Each structure stands twice: as structure tokens, then as C-alpha cells.
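Chain residues, written in single-letter form:
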Amino acid sequence: MLIGSSLKMYFGRARTLEWTRAVAAICAEHPAVRRGLVEPFVIPTFPSIPDVVTVLQETGAADAGMLVGAQDLHWEDAGAFTGEVSAPELAEHGVALAEIGHAERRRMFGETDATVARKVAAALRHGIAPVLCIGEEAAGDHRAAAAACIAQLDASVALAVREGLTGRLVVAYEPVWAIGAPEPAGEEHIRAVAGALRAHAAAGPFDAQVIYGGSAGPGLLPRIADSVDGMFLGRFAHDPAAFGAILDEALALEEDR
Ligand SMILES: O=C[C@H](O)COP(=O)(O)O
């Protein structure tokens, strides 16, 4: 299971490091992580990436398998792209994952399926696993949602497939209407859509995992674990203890198998 959190732009430098130290300490000692059942990750803002990498090394969380991600990247390797950050530079910093196409970037920063596809290819070319954010816009029938998400997934990986790229692909199923909400989507909806995405992705050329995000917190994983490969946490992991509680749930699930 892949379980982690994007800090979005919620925290400044000091709070990012405080949160990371606390979560990394939990992860470094947690049996779910130490036994290799859970791969934890954190996705801070760009300027905090080097410090977060250092904290994970100092706490032993990096040795236990905890990964660092970026919240975006540019599709070109270098050039006159003011304000952007390239995949090769992120790889130099030790970044293993990069969020691509988050609903907030699509809505506020003009990301399209075409730019997402270019970013997915750039990440894969540089050995960074895309955390490709997929989700239907409005709440509704799970069949229509699954069809919309599968179409979005296909469009997002089309360029990478044409270029013959392979590697790890993390599909983050995040129903747009469930992001920033009081509650996650219903468990039957998540299980149906994530299950459809997982079956579809498994037929492709990538080493694919499907994780769920959108107001996820403690208590959700046991209800959807048969259909997802992990969790993508936001606000409800701002308390490090909540992150630990979800690791406990993952461990209990594995022990029940
Ligand atoms: O990146 C995480 C997702 O967008 C979910 O955020 P949220 O749990 O705060 O709704």
C-alpha cells in the first residue's frame, strides 16, 4: 500500500518540517512500514523538498522506504520556462513521485489533458512516478464516473504510451466534488470507480497502483481496501496521529488476511 499526503500550500517552512519530523518518526518505527506493507510518502511545496529529504534521512524514515514527491513538474527538461521546475532537477533532489493534473491545478492554473499527458511522459522519462490525479467533476452514478475517469486516464497516458515509456504509475482517484469536502465519497462509489480504474490500468504497460484521495482520513481504508492500493491524504492528515492511525489500519488489514 502506498499511503501519503500532499501538504498543498497549507504550511510554511517551519510547520512543514515539524509535521514531517513527527510523521517520519511514526513511519520509521511503524511495523506496517518496517515490514514493507506500506510505502509512506510526503509531498511538500517545492522549496521544502531538500529539507524534507534531509528529515527523512535523519529520522530513518527514508531507509524504511518513505518517499518524497513534488506537487507538479514541467514537461520540458530545461529552458526559458520562468517559475517552472523540471523533472531532471526534481530527480536530482531525490524526488520519487510527482503529482500531475490535480483538480486544483486544472481549475485554477489551466491544466488540460494535453499538458497533463506531456507531464506524465516527462516524469516517466526521468524515473519519477506520476501521481496522476483523475476524477469526475460532479457527484453521480458510479458507472458514468468510471467511464469519465477511464477516458481521463487514457488521455493522460496517451503520449507516454506512444513514446513507449513504462515504469511506475500511481493513479490517484480523487472525485473533484469530494476534494475539500467534509466527508469522502461513499465507499460503494469509491470501490466501484477505483476497481474499474485498477482493472483498466492493469491492462496497460505500466506498473500501476490506484490510490484514493478526497477528504480521506482514519476509518476509510478498511471500507475500501479491496479496491485500492493506498490512500492520498490531505487535510485529515494534518494531525500526525491521524497518519499513524491509518498505518495502524493498514497493518490490521494485512494481519487479518
Ligand atoms: O491531495 C489531496 C487531495 O486533494 C485531498 O485533499 P483533502 O483530503 O484535503 O480533500
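Residues numbered from 1 in each chain as written. Predicted model: local features only at pLDDT ≥ 70, side-chain atom pairs only at ≥ 80, totals over all residues. Heavy atoms only, no water.

Draft legend 1. Representation of the overall build of the protein in the model. Of the regular secondary structure elements, the protein holds 10 helices and 8 strands. Here the protein has a C-alpha radius of gyration of 17 Å; the compact-globule value for 257 residues is 18 Å, and the two agree. Along the longest, intermediate and shortest principal axes, the C-alpha atoms of the protein span 45 × 40 × 30 Å. For the protein, the proportion of its 257 residues judged to be buried stands at 52%. Accessible area for the protein stands at about 10700 Å²; split by element, carbon and sulfur atoms hold 53% of it. Taken together, the 20 basic and 34 acidic charged side chains of the protein have centroids lying 2 Å from each other. (Helix = DSSP H or I, 4+ residues; strand = E, 2+ residues; numbered from the N terminus. Rg over C-alpha atoms; globule rule 2.2 N^0.38 Å. Buried < 20%, exposed > 50% of the residue type's maximum accessible area, 1.4 Å probe, protein only. Areas by Shrake-Rupley, 256 points an atom, 1.4 Å probe, with all protein chains shown as cover. Lys, Arg positive; Asp, Glu negative; His and termini not counted. Charge placed at Lys NZ, Arg CZ, Asp CG, Glu CD.)

Draft legend 2. Representation of the environment of L37 within the structure. Position of L37 relative to the elements: it lies in the loop between α2 (31-34) and β2 (39-43). Overall, L37 belongs to the partly exposed group, its relative accessible area being 23%. Among all residues touching L37, those that are not within four sequence positions of it are M1, A32, L251 and E254. (Contact = heavy atoms within 4.5 Å.)

Draft legend 3. Expanded view of the environment of E183. Counting through the fold element by element, E183 comes out in the loop between β6 (168-173) and α8 (187-202). Sequence separation between E183 and V68 is 115 residues; the distance between their C-alpha atoms is 26 Å. When near neighbours in sequence (up to four residues on either side) are disregarded, E183 contacts A178 and S215.

Draft legend 4. Examining the nonpolar core more closely. Residues I3, L153, L197, Y212 and F243 are the most contacted members of the largest nonpolar core, which totals 73 residues. Looking at which element gives the most residues to this core, the answer is helix α7 (residues 142-162), with 7 residues. Both domains that furnish three or more residues to this core are identified here as domain 1 (1-71 + 230-257) and domain 2 (81-215). Membership of the second largest hydrophobic core comes to 12 residues, among which are F41, L97, C133 and A172. (Core = buried A, V, L, I, M, F, W, Y, C linked by side-chain atoms within 4.5 Å. Domains from an automatic or database assignment.)

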